Amino acid sequence: MTAKGRIFQTALCAALALAGCSRQPTGTVLRLSNWGGADDDSAFASKIQGLYADYERAHPGISVHVEGIPGEYVPKMILSMVAKSPPDVMAVDASSAGVFINNGTLRDLSPFIAKDAEFNQNDYFGNSLATYRQGKSLYAIPGDFTPMAMYYNKRLFDTAHVPYPPAHWTFDQFLETAQKLTIPGKQYGFKFTNWMPGWVMWLWNNGGDVLDPKGTKATGFIDSGQNATAIAFLRDLIQRYKVAPSLSAAEASGVDPFATGTAAMTISGHWEIPGYVAGKKIALNDLGVVELPSNIGASSTVIYEVGYGIPKDCQHPEEAWKLIRYLTSQTFQRTYQSTGIAVCARQDIAKERAINPIDIGFLNIVPTGRPPRGASFVGYDFVEAEGVKMLDAVLAGETPHAALHRMATRIDEYLRVR
């Protein structure tokens with residue numbers, strides 16, 4: 001799981017960990033594992049602690065103990081499963097869900113759902129649930145998520161007298177917009193980062209893909225002509241049209257040009273909103289989001305999310321299911337989502353919270369989202385690392401076709417030996 005892709009998850013999970021660790025477990029202890037965090041005595045953490053106390057009062061003899069796992073979460077969880085000492089409930093990141101699902105270390109939740117007359121799958125966004133589904137089995141219930149979206153700074157658009165980006169726009173329309181918003185030496189039309197989870201959608205929206213549908217090979221997919229064209233387009237944004245800063249210039253500046261109001265557009269998730277607003281260079285009303293440009297008609301984006309699953313060898317599976325139901329309930333999620341870092345996977349809470357144009361914009365983009373390949377493919381972190389190397393090589397002068405072909409070869413070698 002990439003660190004950047006779980007920023008919004010880490011912040012919320014840290015609060016959960018802090019709330020749980022401050023209380024002494026008694027009776028039947030339900031262990032809930034997620035990403036660790038530093039000490040915090042915030043009002044938000046206190047609210048979460050209160051929710052756990054409410055749950056324990058409603059379930060006499062049950063204590064919820066939240067275990068914040070510092071460092072490499074996925075390997076540590078795998079070790080706990082090998083040692084037959086897993087938690088009762090674990091946070092499952094979409095980008096690494098395949099590691100647990102494909103290795104048979106998570107329980108299928110379908111039997112619990114079949115016995116629970118009050119649980120309604122229609123309460124959740126369908127593509128959010130689909131992230132954790134394989135065939136007829138469902139391995140986690142989503143808590144929150146974000147589609148990757150195109151952010152734009154309305155104030156910069158208004159100053160330049162440029163219309164806001166429309167839905168159903170193309171690569172060429174995006175480029176034309178970025179050019180109109182670029183002021184050499186002062187402002188860029190677009191901020192680009194070489195982070196494959198944040199740019200893979202350009203491939204999808206040009207008719208390409210990374211692997212074959214079964215995840216067995218990359219040759220003929222990542223090195224396709226459609227992908228070569230998309231990668232050339234990204235290169236040209238920086239080097240030919242100069243509507244985005246070079247990666248070295250962006251790194252040397254030490255600041256995010258979109259966050260400081262010196263870039264008009266960028267691609268990221270809902271997790272950015274609190275930071276943008278806290279930075280005081282962009283007001284909430286300045287922010288807009290729109291679906292990603294596409295050359296093939298309907299736009300596609302990726303959904304990054306966190307859900308809750310039950311390890312196969314957990315000690316208290318029935319009680320664990322009840323805890324998951326609480327963690328994803330209206331009561332819990334209404335408070336849990338108050339930071340504004342993510343979109344609630346429950347449609348009712350997500351719509352209830354959509355009281356400003358930016359949140360409404362994200363809801364409009366949700367239907368275009370699809371799961372990351374890491375949700376069903378073991379080892380996709382290797383693929384993403386190779387993607388960064390490939391694009392670095394292209395920006396250094398290698399042709400997209402050659403760099404993509406080498407990437408495909410390396411991935412195929414990895415798939416043969418893993």
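As the structure is a computational prediction, the values presented were derived from the model and not from experiment.

**A closer look at the nonpolar core**
Grouped together as the largest cluster of nonpolar side chains are 72 residues, with contacts concentrated most on Ile141, Tyr151 and Trp321. Counting 58 residues, the second-largest nonpolar core is a separate cluster that includes Ala230, Val383, Met407 and Ala408.

**Observations concerning the layout of surface pockets**
In this structure, the second largest pocket encloses a volume near 210 Å³. Forming the boundary of the second largest pocket are 11 residues, of which Phe192, Thr193, Leu247, Ala250 and Glu251 lie nearest the centre. Broken down by class, the residue content of the lining of the second largest pocket amounts to 5 nonpolar, 2 polar and 4 charged.

**Quick word on empty space enclosed by the protein**
Gaps left between atoms show up when a probe the size of a water molecule is rolled over them. A complete count under the given rule lists 4 cavities of 30 Å³ or more for this structure. For the second largest cavity, the calculated volume is near 100 Å³. Along the walls of the second largest cavity sit His270, Gly340, Ala342, Val343, Cys344, Ala350, Arg353, Ala354, Asp359, Phe362 and Leu363, which together make up its complete lining. Every element with two or more residues in the lining of the second largest cavity is listed here: strand 11 (343–344), helix 15 (347–353) and helix 16 (357–365). Tallying contributions element by element places helix 16 first for the lining of the second largest cavity, with 3 residues. Split by residue class, the lining of the second largest cavity holds 7 nonpolar, 2 polar and 2 charged.

**Considerations on the packing of aromatic side chains**
How two aromatic rings sit relative to each other is set out by the distance from centre to centre and by the angle between their planes. Here the structure, examined in full by the defined rule, presents 29 aromatic pairs. Ring centres of Phe125 and Phe145 lie 5.5 Å apart, and the angle between their planes is 70 degrees; this geometry places the pair in the edge-to-face category. Linking Phe125 in the loop between helix 5 (110–115) and helix 6 (126–130) with Phe145 in strand 6 (residues 141–147), this pair joins segments that are 20 residues apart in sequence. Exposure class is identical for Phe125 and Phe145. Each is buried. Aromatic pair Phe332 and Tyr336: ring centres 5.5 Å apart, planes at 45 degrees, arrangement tilted. With Phe332 and Tyr336 both in helix 14 (residues 330–336) and 4 residues apart, this pair spans about one turn of that helix. Phe332 gets classed as buried once you look at its relative accessible area, which sits at 0%. Residue classification places Tyr336 among the buried positions, given a relative accessible area of 0%. One aromatic cluster is present, built from ring pairs that chain together Trp169, Phe171, Phe174, Phe190, Phe192, Trp202 and Phe233. Between the NZ or CZ atom of Arg346 and the centre of the ring of Tyr124, over which it lies, the distance is 5.7 Å. Taking the ring centre of Trp204 as reference, the NZ or CZ of Arg370 above it sits at 3.6 Å.

The rules behind each value
Residues numbered from 1 in each chain as written. Predicted model: local features only at pLDDT ≥ 70, side-chain atom pairs only at ≥ 80, totals over all residues. Heavy atoms only, no water. Core = buried A, V, L, I, M, F, W, Y, C linked by side-chain atoms within 4.5 Å. Buried < 20%, exposed > 50% of the residue type's maximum accessible area, 1.4 Å probe, protein only. 1 Å grid on protein atoms, 1.4 Å probe; cavity = no way out; pocket = protein on both sides within 12 Å on 5 of 7 lines; lining within 4 Å. Points joined across faces, edges and corners; volume = space filled by probe spheres on them. Nonpolar A, V, L, I, M, F, W, Y, C, P; charged D, E, K, R; others polar. Helix = DSSP H or I, 4+ residues; strand = E, 2+ residues; numbered from the N terminus. Phe/Tyr/Trp six-rings, centres within 6.5 Å; stacked < 30°, edge-to-face > 60°. Lys NZ or Arg CZ within 6 Å of the ring centre and 35° of its normal.

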